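Secondary and tertiary structure notes
Residue-level listing of the chains:
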Amino acid sequence: LAKTTQPISMDSYEGQEVNITCSHNNIATNDYITWYQQFPSQGPRFIIQGYKTKVTNEVASLFIPADRKSSTLSLPRVSLSDTAVYYCLVGDKGNYQLIWGAGTKLIIKP
Amino acid sequence: NAGVMQNPRHLVRRRGQEARLRCSPMKGHSHVYWYRQLPEEGLKFMVYLQKENIIDESGMPKERFSAEFPKEGPSILRIQQVVRGDSAAYFCASSPSSGGATDTQYFGPGTRLTVL
């Protein structure tokens, strides 16, 4: 299973765009990249998943360069309620033992 | 359309007692995962079950821990003779298929176990 590396923490301000980058140098050909969000005292929640290039949904965008060794989660115009821990995970259909790192603790300030 | 339900939300046990954690997956989901989370850490995989089958329990300690997902009723994570080191948040997730990492996992609110 590919290991991922993310910044431990990030700060930003309301209304800003936030980009969180995840490194996964050993990503395999069939691996997908998935991001989850976790609020304190809650279970994680799926945000977005992608394989290559760019994926966008109503919550975020995911940018994946051609070599796929990294990915960037982009949150447009964040609000205080986006304060949470964000996890980047990598795996394919056969990987149900997802490896969760410590994630990135994002703090949004007024 | 109810999400994943876990109960109890908080559980306090004394050392040596048994803890029984329950998880009801989302309607239509037959795949259940259990995770453990310590403060300021990521989730650690414990076990993956399908209805009436344990598919992978390699993340679960061999002693004192067991899990089941019967044909009827919730999935149960059972911890016998609890020790202080078992204190953690235990999360259950469900998915509609066995797509591994490509499947969205839907998480419950967790059970916070405190061992005195």
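Only a predicted model underlies this, so the values are computations on that prediction, with no experimental measurement involved.

Our focus in this paragraph is the pairing of strand β4 (residues 31-37) of chain B. Residue and element names in this part refer to chain B. Most of β4 is tucked away: six of the seven residues are buried. Sheet topology places β4 next to strand β5 (residues 43-50); seven bridges connect them, and they run antiparallel. The residue bridging H31 from the neighbouring strand is Q50, located in β5. Counting the residues in the hairpin turn of β4 and β5 gives five residues, including E40, whose phi is positive at 65°. Sheet topology places β4 next to strand β9 (residues 88-95); seven bridges connect them, and they run antiparallel. Residue pairing across strands places W34 opposite C92, the latter belonging to β9.

Attention now goes to the pattern of salt bridges. All names here are of chain B. Counted according to the given criterion, the structure contains five salt bridges over all chains. With its nearest N and O atoms 3.0 Å apart, the salt bridge here joins R20 to E18. E18 sits in the partly exposed class, given a relative accessible area of 29%. Among the ionic pairs, K44 bridges to E41, the shortest N-O distance being 3.8 Å. On the basis of relative accessibility, which here comes to 34%, the residue E41 falls in the partly exposed class. The network of salt bridges with shared partners includes E18, R20 and R78.

Rules of the game
Residues numbered from 1 in each chain as written. Chains lettered and ligands numbered in written order. Predicted model: local features only at pLDDT ≥ 70, side-chain atom pairs only at ≥ 80, totals over all residues. Heavy atoms only, no water. Buried < 20%, exposed > 50% of the residue type's maximum accessible area, 1.4 Å probe, protein only. Helix = DSSP H or I, 4+ residues; strand = E, 2+ residues; numbered from the N terminus. Pairing = 2+ DSSP bridges. Salt bridge = Lys/Arg side-chain N within 4 Å of Asp/Glu carboxyl O.

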